[in-house]
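Observations on the model geometry
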Amino acid sequence: MHRHSTVSFEDVGDIGERSRARRSISQGSESSNAGGFKMPTIPKPPPMTQLIMGVEPQADVEGPGLCAAILTFVSLVLVLVTMPLSLCVTVKVVQEYERAVVFRLGRLRSGGAKGPGLFFIMPCVDTYKKVDLRTVSFDVPPQEVLSRDSVTVSVDAVVYYRVSNPTMATNNIEDYSHSTRLLAATTLRNVLGTKNLAEILSEREIISQVMQNALDEATDPWGVKAERVEIKDVRLPVQLQRAMAAEAEAAREARAKVIAAEGEQKASRALREAASVIAESPSALQLRYLQTLNSIAAEHNSTIIFPMPMDIMSHFMGRKGGGKMDKQA
């Protein structure tokens, strides 16, 4: 008995495809042998690769498939049938400071972000996400940082940022706000770890500028722009504060002693010049004596002063010196 094998249309199609594949392979090998080696063409990277590389996602170039076109047509028919009630669902409003990123059946629509003003969506087919373009500020939590000279300090900062590209902020990252906050805290620790304590206390503007540049470069693929970074407070340990206060007090006392010594030196020079002037005029000493009495009488009224002429003292001093000379003789 002969067995009859049944061949379906699918098997015939598979056989035809296999024969065509073998024919194309043989032709390609012959052309490569005849004309030399041919460089293979590099395919266009998929959308996910573009997201990883930080490229702005583009709208679907190939266009929707047959199923997507049918669903879109059905949605349009429903909108037309339920008109004007469907306007409550299809018409959306975006504020001046907002933009709307529209997706149709999961694919980004052409034209970029919509807004500000009115825009239309197809019910059951289109979805959209609003993105706020206003500047947002947040406080970086206090970070315990070990400086380059092995000093532990607690530093907190404030960061101002805004969304510059709503499409990239929606498609390239899940939560740009949370990611920016985490990146700001990490950047603060990395930047301060390369600075000394003196640089942290005195170069706040430079540190803020370095942090802003680092944040702006890191968040650029996310469609986020870091506008400003400011160091709010630098808190030192209590023991270090006491040591720095004692050092500053000792330095101030040393400067005060130096200033007092310089004043005494200048005063002694002035007194020497005054003494030389008074020695040239005996009446000047008497006038100075009377001026001292006047100042004492004005300040201390209960003080009794008995003035004694200076000539008497000089007379006794002269006699005492003469007696000593007689004894020696």
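Above this text sits the structure in question.
Okay, so let's go over this structure.

Calculation notes
Residue numbers here run from 1 along each chain, matching the order of that chain's written sequence. Given that this is a predicted model, residues contribute local features only at a pLDDT of at least 70 and side-chain atom pairs are listed and counted only at 80 or more, while totals for whole chains, interfaces and linings are drawn from all residues. As a rule here, side-chain values come from all non-hydrogen atoms in the structure, and water together with hydrogens is ignored. Helix and strand definitions follow DSSP, with helices as H or I runs of at least four residues and strands as E runs of at least two, each counted in order from the N terminus. Partly exposed residues are those whose accessible area sits between 20% and 50% of the maximum for their type, while under 20% is buried and over 50% is exposed, using a 1.4 Å probe and protein chains only. The contact definition used throughout considers only heavy atoms, calling two residues in contact when any of these lie within 4.5 Å. In a helix, the anticipated span is given by 1.5 Å times the number of residues less one. When we speak of the arc, we mean the arc of directions from the helix axis to the C-beta atoms. In short, DSSP must find at least two bridges between two strands for them to pair. Every axis in this analysis is a line fitted to C-alpha atoms, fitted for helices over the stretch in contact. Angles between the N-to-C directions lie between 0 and 180 degrees.

**Things to note about the environment of methionine 211**
Along the chain, methionine 211 falls in helix 8 (residues 204-219). Owing to a relative accessible area of 0%, methionine 211 belongs among the buried residues under this scheme. As for methionine 211 and valine 191, which are separated by 20 residues in sequence, their C-alpha atoms are 7.0 Å apart. If we skip the residues at most four places from it in the chain, methionine 211 touches Ala184, Thr187, Leu188, Val191, Val229 and Ile231.

**Observations regarding helix 8**
Over its 16 residues, helix 8 extends 22 Å from the first C-alpha to the last, a length consistent with the 22 Å expected when each residue adds 1.5 Å. For helix 8, the set of buried residues is Ile207, Ser208, Met211, Gln212, Leu215, Asp216 and Thr219. Here the buried residues of helix 8 occupy an arc of 160 degrees about the axis, which is enough to place them on one side.

**With respect to the sheet that holds strand 3 (residues 107-108)**
Spatially, 3 strands are ordered 3-2-5 in an open sheet, and the strand pairing comes out antiparallel. A strand with exactly one partner marks an edge of an open sheet, and here the two such strands are strand 3 and strand 5 (126-132). Where strand 2 (residues 98-104) meets strand 3, 2 bridges bridge the pair, whose relative direction is antiparallel. Opposite arginine 104, over in strand 3, you have arginine 107 as the bridge partner.

**What about the sheet that holds strand 8 (residues 224-235)?**
With respect to topology, 3 strands assemble into an open sheet ordered 6-7-8, the strand pairing being antiparallel. Every other strand in the sheet has two partners, leaving strand 6 (136-146) and strand 8 as the edge strands with one partner each. Between one strand axis and the next, the sheet turns through 25 degrees on average, direction left out of account. Bridge analysis of strand 7 (residues 152-163) against strand 8 gives 10 bridges, and the strand direction is antiparallel. Bridging from a neighbouring strand, valine 159 pairs with valine 229 of strand 8. Most of the contacts of helix 6 (residues 176-192) go to strand 6, to which it runs at about 35 degrees, and overall it touches strand 6, strand 7 and strand 8. The strands touched by helix 8 within the sheet are strand 7 and strand 8, with strand 8 carrying the most contacts at an inclination of about 145 degrees.

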